[in-house]
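An overview of the molecular structure
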Amino acid sequence: MDTRNNESPTFWRSPGGVALLVVALVGGFFLYTEHRAHLLGVLPLILVLACPLMHVFMHHGHRHGGHSRGHNPREPDNEQRQQ
């Protein structure tokens, strides 16, 4: 009795997928070795450009006020509750 799955292999495990992966790796290697000076020269600029992006995404657009409290406008403030 054959208990193996009769599913076809995924694209990356097929001969065409493996060939595409090998070609992409070889091409990436040659691109890196030929253009390494350009890539390494841009690294400081990428660091500087990453700062505003991190600021926007980590501070959620810099919206101030009530980050964790979730103010409900229908709910009275503390001063109004005490009276």
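Below is a short write-up of the structure. Here the structure is a predicted model, which means the values were calculated and not measured.

1. Remarks on the overall build of the protein
Assigned secondary structure in the protein consists of three helices and zero strands. Starting at the N terminus and walking to the C terminus, you meet the elements of the protein as α-α-α. Looking at the protein residue by residue over its 83 residues, the buried ones come to 2%. Only carbon and sulfur atoms are counted for the fraction: they give 63% of the accessible area of the protein, which is about 8,500 Å².

2. What about the packing of aromatic side chains?
All chains considered together, the criterion is met by two aromatic pairs. Ring centres of Phe11 and Trp12 lie 5.2 Å apart, and the angle between their planes is 70°; this geometry places the pair in the edge-to-face category. Taking the centre distance of 5.5 Å and the plane angle of 65° together, the rings of Phe29 and Phe30 count as edge-to-face.

3. With respect to a nonpolar patch on the surface
Taken together, Leu40, Val42, Leu43, Leu45, Ile46 and Leu49 make up a surface patch of nonpolar side chains, about 540 Å² in accessible area. Within the fold, Leu43 resides in helix H2 (residues 36-58).

So, how was this worked out
Residues numbered from 1 in each chain as written. Predicted model: local features only at pLDDT ≥ 70, side-chain atom pairs only at ≥ 80, totals over all residues. Heavy atoms only, no water. Helix = DSSP H or I, 4+ residues; strand = E, 2+ residues; numbered from the N terminus. Buried < 20%, exposed > 50% of the residue type's maximum accessible area, 1.4 Å probe, protein only. Areas by Shrake-Rupley, 256 points an atom, 1.4 Å probe, with all protein chains shown as cover. Phe/Tyr/Trp six-rings, centres within 6.5 Å; stacked < 30°, edge-to-face > 60°. Patch = residues over 30% accessible without salt bridge, like charges linked within 9 Å, V, L, I, M, F, W, Y side chains within 5 Å. Salt bridge = Lys/Arg side-chain N within 4 Å of Asp/Glu carboxyl O.

What is shown is where atoms sit, not what they do.
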